[in-house]
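Given next are the chains, with one letter for each unit.
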Amino acid sequence: MSHTRAVNAEPGRRYDAIIVGAGFSGLYQLHMLRDRLGLDVRLLEAGDGVGGTWYWNRYPGARCDSESYYYCYTFSDELQDQWQWSERYPDHNEIRRYLNHVADRLELRPNIQLGTRVTQATYDDLKNSWLVSTGNGQRFEAQFLVTAVGCLSTANVPSIPGLETFAGEHYHTGRWPDNGVVFEGKRVGLIGTGSTGIQAAPVIAEQAGKLTVFQRTANYSVPARNGPVDQSFRDWATTNREAIRAKSRSSVNGHPFDVSDRSALEVSDEEREQAYQAAWERGGLRFRATFKDLLTDEAANETASQFIREKIHNIVKDPATAEKLTPRDHLYATKRPPIDTHYFETFNRDNVELVDIKATPIVEIVPEGIRTSDAFIPLDVIVFATGFDALTGPLLALNIEGRGGLQLKDAWAHGPRTYLGLQSPGFPNLFTITGPGSPSVLTNMPIAIEQHVEWITRCIAEMRNRGATRIEPTPTAAEKWVQHVNETAQATLLPMASSSWYLGANVPGKPRVFMPYAGGMARYEKICGEVAGKGYEGFLIS
Ligand code: NA7
């Protein structure tokens, strides 16, 4: 594996495009712009390797919650033929190996500059250029700026009084050290019980002397049922590759399976129980698809929520702990639903304790541990599994300044204003892959990413055909889109979970706006296709 280190930008060189980020999005966008359109492209990446989200998230138990046979690029049969996944849900190491393999096979590395964090991007109206500055003092110029920064890459570390005085080690899961963390014999505090905390807790519990889980909101989780992928399954996936791809693209959530066409309320209690039990045993996110109305009808959802609550009480031996772990303030899957490997079972271990920090909040961190309103918990290590400033955070961190000095943070002060999640008025030639207002985190990401990258590539190709140099959405198109994003969310139960990061509720001071597009992947792709088909309706191209 060759690693391209930061080199000095060539003075006076104007790239056709700068891409920020070397995860799934950035690698594919680089391939398409360079190899399909023949553009002069530079990709800047903050990490010292490719992988994006999977470069940074190396915490114990870090694993994809989409299945490996469809959590991958689908644009090239050759790439798919060259790679074999070992497990039903690939772990972070395997996904990183996969993305490094892709970077090598597509010979992307000469255009990738690692160890280079973009700190500012300013649009120069006269030059019709983006001027990009980096943390190591370099400056780049390009006609197009494409952000491929991911949706969950800006760590949310809570400001708890006294953190800086802590004498032990502390880590955020999204910035995990390359060489890992030694937990053996240590007293570990894990704050957060989202997908990350739920993946990490069982693995840390096996290593640590003592694990204390600090839970703010109890969460639903369904068993993942991970395991090795055997040859017969691989053969099936290869034979059915086209059908899997087509199904993913035409589904609501980018996963290649059908949502049931039955309502949870139209079947008998016995049938419903059997359906949930079968889904529980099969495992994974497909549990959401057991009935068609789990995300749209409260009474229907309540049947699924109650099924999981009862499972928690069956699994966890201590009734008081089971009740603390039981979510009662929101419905199943209205927050991002985790899947797990023995999460609830972990609380049956002698070395694991649960602290409900809604009942007894964390008051402060002191050198020796964490003090809650009614106890002191001595700790050697604190793990923050406290999530991310999702969707908008990674974009705002780039300090983007558009036409006439317009700051992205000001343009989005009351929530993201995008058209199709792809562009924002006032920011010409800036494309945001999986930006807010697109399906992104509500779908299987590689599918959402391929659709965006292909749309952007076609758009730039079309501009060049027309001899156009600038594209930007009209404010009216963006207003209408924001309204549509809001309406589609309101048609679901998703905005009901008041502590959801889909709404920005996990970051103090962040505007409460439902950010991803909840209208479904297939509908979204159709709209994007129609917009392009009508000569990029809603965009100003000049
Ligand atoms: P999440 O899903 O945002 O979970 C973060 C967890 O941390 C959640 O339990 C939060 O409680 C908790 N949290 C956040 N801030 C605090 C503070 N200040 N104090 C205590 N607890 C806090 O992030 P994940 O990393 O688990 O998952 C992100 C996505 O990655 C996931 O959905 C998959 O797409 C992959 P809360 O629920 O907000 O009360």
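Everything numeric here is computed off the predicted structure, so don't read it as measured data.

**Q** So what exactly am I meant to see when it comes to the pattern of salt bridges here?
**A** Oppositely charged side chains can pair when the atoms bearing their charge come close. Scanning the entire structure with this criterion turns up 31 salt bridges. Arg88 is paired through a salt bridge with Glu67; the nearest N and O atoms lie 3.2 Å apart. Placement of Arg88 in the loop between helix 3 (77-81) and helix 4 (92-105) and of Glu67 in the loop between helix 2 (53-56) and helix 3 is noted, with a sequence separation of 21 residues between them. This pair shows no difference in class: Arg88 is buried, exactly as Glu67 is. Salt-bridge contacts for Asp389 lead to Lys510; the nearest nitrogen and oxygen are separated by 2.6 Å. With a gap of 121 residues between them, Asp389 in the loop between strand 16 (381-384) and helix 12 (393-396) and Lys510 in the loop between helix 15 (475-490) and helix 16 (521-533) connect regions that are remote in the sequence.

**Q** It is not clear to me how unusual backbone geometry should be interpreted in this structure. Could you clarify?
**A** Trans peptide bonds make up most of the peptide bonds, and negative phi angles are found at most residues other than glycine. Even without being a glycine, Glu107 presents a positive backbone phi close to 50°. Within the element layout of this structure, Glu107 appears in the loop between helix 4 and strand 3 (112-113). At Ala333, a residue that is not glycine, the phi angle is positive and equals roughly 70°. If you trace the backbone, Ala333 turns up in the loop between helix 10 (319-324) and strand 11 (339-340). Ala333 gets classed as buried once you look at its relative accessible area, which sits at 6%.

**Q** In this structure, what is going on with the layout of surface pockets? I would like to understand it.
**A** Rolled over the atoms, a probe as big as a water molecule pinpoints where empty space is left. One number sums up the size of the second largest pocket: a volume of about 540 Å³. Along the walls of the second largest pocket sit 25 residues, with Val252, Asn253, Leu295, Thr492 and Ala518 positioned nearest its centre. A breakdown of the residues in the lining of the second largest pocket according to their chemical character gives 14 nonpolar, eight polar and three charged.

**Q** Looking at this structure, how should I read the sheet that holds strand 7 (residues 169-172)?
**A** Sheet strands line up and pair through hydrogen bonds in the backbone, either parallel or antiparallel. With parallel pairing, five strands are arranged side by side in an open sheet as 7-16-8-9-12. Here the strands that pair on one side only, and so sit at the sheet edges, are strand 7 and strand 12 (352-356). Here the average twist between neighbouring strands, direction ignored, is 15°. As paired elements, strand 9 (residues 210-215) and strand 12 share five bridges and run parallel to each other. Bridge pairing in strand 12 places Leu211 opposite Val352.

**Q** Mind showing me how you'd approach the sheet that holds strand 15 (residues 376-378) here?
**A** The strand order across the open sheet formed by three strands is 13-14-15, and the pairing between neighbours is antiparallel. Bordering the open sheet on either side are strand 13 (362-366) and strand 15, each of which pairs with just one other strand. Between one strand axis and the next, the sheet turns by 20° as a mean value, whatever way the strands run. Relative to strand 14 (residues 369-372), strand 13 runs antiparallel, the two sharing four bridges. Bridge pairing links Val366 to Gly369 in strand 14.

**Q** What exactly am I supposed to notice about the domain arrangement of the chain here?
**A** Think of interface size as the accessible area that goes away when the parts come together; that is how it is often given. For the chain, the domain assignment lists domain 1 (7-51 + 93-154 + 390-541) and domain 2 (155-216 + 352-387). Computed over C-alpha atoms only, the centres of domain 1 and domain 2 are separated by 33 Å.

The rules behind these values
Residues numbered from 1 in each chain as written. Predicted model: local features only at pLDDT ≥ 70, side-chain atom pairs only at ≥ 80, totals over all residues. Heavy atoms only, no water. Salt bridge = Lys/Arg side-chain N within 4 Å of Asp/Glu carboxyl O. Helix = DSSP H or I, 4+ residues; strand = E, 2+ residues; numbered from the N terminus. Buried < 20%, exposed > 50% of the residue type's maximum accessible area, 1.4 Å probe, protein only. 1 Å grid on protein atoms, 1.4 Å probe; cavity = no way out; pocket = protein on both sides within 12 Å on 5 of 7 lines; lining within 4 Å. Points joined across faces, edges and corners; volume = space filled by probe spheres on them. Nonpolar A, V, L, I, M, F, W, Y, C, P; charged D, E, K, R; others polar. Pairing = 2+ DSSP bridges. Axes fitted to C-alpha atoms, helices over the stretch in contact; angles between N-to-C directions. Domains from an automatic or database assignment.

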